[in-house]
Amino acid sequence: MDVYRKELAETKKELDSISVEIDSLLQRQASLQQRKTELDSILRQSSSKSDDNDKKWDKQDFVWSNNLLEKMGSVFNIQTLRPMQLQTMNVTMSSKDCMLIMPTGGGKSLCFQLPALLSKGITLVVSPLVSLMEDQIMVLEKYGIDATKLDASASKEKVKAVQEAMLDKNASLKLLYVTPEKLAKSKRFMAKLEKMYQAGRFSRLVIDEVHCCSQWGHDFRPDYKFLGIMKRQFPEVPILGLTATATTKVLEDVKKILNIPNCHLFKASFNRPNLFYEVKVKPSAFKETISEMVELIDKRFRNKSGIVYCFTQKESEEVTKELRQHGIKAGCYHANIPTKQKSQIHEMWLADKILVIVATVAFGMGIDKPNVRFVIHHSISKSMENLYQESGRAGRDDQRSDCIVYYRFADVFKQSTMVFTEQTGLDNVYGVMSYCLDISKCRRASIARHFGELWDKSQCNKMCDHCNKDTEGEKRDVTKLGKNVLTIIDQASATDQRITALKLLDAWEGKGAGSLKVRGLDPPKVSRDKLERIIGHMLLQGFIREDFHFTPYNTISYLVAGAKANFLKSESAKLAVEFLNKRRSLPTQNSNTHTSPSSQSDHKPLAKQSDTKLKLVVINSENSKFSNFTGTSIQGENDLTKTKKSGKFKRKKPVIDDSDSDDLDFGEEFKRKPAVKKKSSRDTRYSEYEPIGTSHNNDYLNSESLNGNLCKHQDAESGNDSDVIIENVGKSKAIMIDSE
Ligand SMILES: Nc1ncnc2c1ncn2[C@H]1C[C@H](O)[C@@H](COP(=O)(O)OP(=O)(O)OP(=O)(O)O)O1
């Protein structure tokens, strides 16, 4: 009988192992399928660009061409058109549907404002924000163009006048702005539009921020979906969709929603050559971050105009206060500041009387200040789209400007607990985390890949922190450290405890609650910062995952084993970390991390740069959505890799093997502080920020969404971590595939 029992146990084990392998292969298949779609789309775009698309629409011999060029100068005072402007205007003037993707500040507005002047009738512009409409109408009035908006504040007389103009062929009204809600909710207005259409006066439908149609996009607005009926109701009206940021997937979705599958697509390059992209490690203490930022602004951006983006209203108020105390002329802007005060601050900033606007995302759309020399993210954005768009407010005058993100592991959980209920919320946050954790890839290459654009990194021109420095990465084996993480999580699960990232780190370092510590697990002789990075990469790769729990006051993120946890537990798996070559002299974490070409004299020398950005290399990176940013991979025992061309396995460059030791030699002197018993389990280093893994305590109320609406968040109970939930997955052998 014992023989059979033994065989049964072995059979079960093997079945478990096979099912995890199948799962892994299916994930890999899905990931490759998605990449194939993206690559197909990139290639389609680039080949169609070279044939008819660009060339055909680039001409200046259309019937409207002379008029267009004349009005461009006489009305808008513009001498030459920017890339994609002429093509877009020619397509929409030909009554064809079109989508234009152009970076912030690229000149999208002209592409419908000028055609509106050349066309009979009225151009209807759907825009997400009333303030955005007001800004545009103000500019149009300056040019002597009749434009107006219809919103909830419109008087009866105004509504009547607009409705008359919609049907009056002698009316001077050229552009009518409305919100998507107005279209979706007002049957009366839709009826008027039908009359305008029948009268032949509905000349064009423009949809600004068209990515809001898609729930895969970063700012989905349900009422934008209503726009799907416009093509059916008004088939002869050309649609022009505009956005600064849309991935291939979002674009495909938007085309479907708007019923314009064959629309012309013009994509100006995402690349803003004058912007220098940089990520800095954010110190754990608020005051330290402030003094670093003050030094940065003083040295690199003295008397220059800039924006500091914050996560919450409270954070923006505190940062403003601190900057002012350090003598920086700063003004605070968020949705809860009275409208009049907001306008004043905005105007003072436009006039350079205030140099730095410290704001939530409520400060964004419609900003048209040319000389913004820097955009600093005091906390990470919720998506790459947001990060790109917010950063893109710098350098609209094409002069060199800097886009700097302060990254801290704890901030990831502030964002994730906010967005995890959204369709792609977590993926979006992890995309930003992945961008920030990367230690070597050209920032532009990462952004290009995100937006599905072909990119040759040599074109970066040393305009990002990675291309501008000469550092070498070196892989180190961290398999044991990775397994330690899973051991702590497993023990917590077995003892019915929940574990946040903060508590996990504490337990790992031998601090905090005794019940979470694992007997026989020595604290790693690696700095906390590096441990955070390892956990960060394990999250990106699916070895662990966040598990969200609601309390009456907040949302808490706990860490549990991920779908790929068992890969790491298997004997053949190896986990490696890339870190900066220790032959370089290694600085402290909080030194100024990077130099930038225009300001090298202001910066500390490269030799003093931080080494703290390490990169985890884990199994089967291509299964991960984010592996492309991190370049992570996992290796099997034989250290083989499958070449993409031949499909054959080849031997990989060896990873420096530290598997006999938990200690990673990062070239730093590591002194472990003795574990101190504290009343609170919070690490004091986080005391001025959030506890990792919880959403927001009272200090972080009122995070803001893009449209300036408030999202209320409530207190996170610290010390609330009592149970652990762990997802069970079968055991398996690791499959080795290295992405590099
Ligand atoms: N061809 C051009 N030559 C010179 N200036 C131009 C040209 N086209 C547009 N502009 C100016 C007008 C504005 O001041 C500025 C930005 O244009 P705008 O249409 O507001 O950009 P945008 O709509 O793409 O940006 P955003 O996404 O921020 O709204 O550039």
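The structure displayed is predicted, hence computed values, not measured ones.

Moving on, we get to the nonpolar core. Membership of the largest hydrophobic core comes to 77 residues, with the highest contact counts inside it found for F363, Y407, M433, W508, I535, I544 and L559. Tallying contributions element by element places helix 16 (residues 425-437) first for this core, with seven residues. F363 has contacts with I307, Y309, Y333, H346, W349, I357 and R393, leaving out every residue within four places of it along the chain. By size, the runner-up hydrophobic cluster in this structure holds 38 residues, among which are I101, F202, Y224 and L251.

To continue, consider the domain arrangement of the protein. Along its sequence, the protein is carved into domain 1 (58-267), domain 2 (275-449) and domain 3 (475-580). Using C-alpha coordinates to define each centre, domain 2 is positioned 30 Å away from domain 3. Taken together, the contact between domain 2 and domain 3 spans 14 residues of the former and 20 residues of the latter. Roughly 1,600 Å² of surface becomes buried between domain 2 and domain 3 when both sides are summed, with 71% attributable to carbon and sulfur atoms. On the domain 2 side of the contact with domain 3, F409, L437 and I439 bury the most area, a combined 36% of that side's loss.

Quick look at the site of the ligand now. Around the ligand, 14 residues are found, and the nearest of them are T80, G105, K108, S109 and D368. Taking R82, its side chain carries an N or O atom lying 3.2 Å from an oxygen atom of the ligand. G107 places a polar main-chain atom, nitrogen or oxygen, 3.0 Å from an oxygen atom of the ligand. Expressed as a share of its isolated accessible area of 620 Å², the protein-covered part of the ligand is 74%. Of the residues contributing to the shell around the ligand, the split by class is three nonpolar, seven polar and four charged.

The next thing to look at is the pairing of strand 9 (residues 305-309). Taking burial as the measure, the five residues of strand 9 include five buried ones, the bulk of the element. On strand 9, burial covers both faces: S305, I307 and Y309 on one face and G306 and V308 on the other are all buried. Pairing of strand 9 with strand 12 (residues 372-377) involves five bridges; the strand directions are parallel. Bridged to V308 within strand 12 is I376. Sheet analysis places strand 9 next to strand 11 (residues 356-359), joined by four bridges and oriented parallel. Each residue of the ladder has a partner; that of V308, found in strand 11, is V358.

The rules behind the values
Residues numbered from 1 in each chain as written. Predicted model: local features only at pLDDT ≥ 70, side-chain atom pairs only at ≥ 80, totals over all residues. Heavy atoms only, no water. Core = buried A, V, L, I, M, F, W, Y, C linked by side-chain atoms within 4.5 Å. Buried < 20%, exposed > 50% of the residue type's maximum accessible area, 1.4 Å probe, protein only. Helix = DSSP H or I, 4+ residues; strand = E, 2+ residues; numbered from the N terminus. Contact = heavy atoms within 4.5 Å. Domains from an automatic or database assignment. Buried area = accessible area lost by both parts, 1.4 Å probe. Near = heavy atom within 4 Å. Polar contact = N/O pair within 3.5 Å; in protein donor to acceptor, adjacent residues only side chain to side chain. Areas by Shrake-Rupley, 256 points an atom, 1.4 Å probe, with all protein chains shown as cover. Nonpolar A, V, L, I, M, F, W, Y, C, P; charged D, E, K, R; others polar. Pairing = 2+ DSSP bridges.

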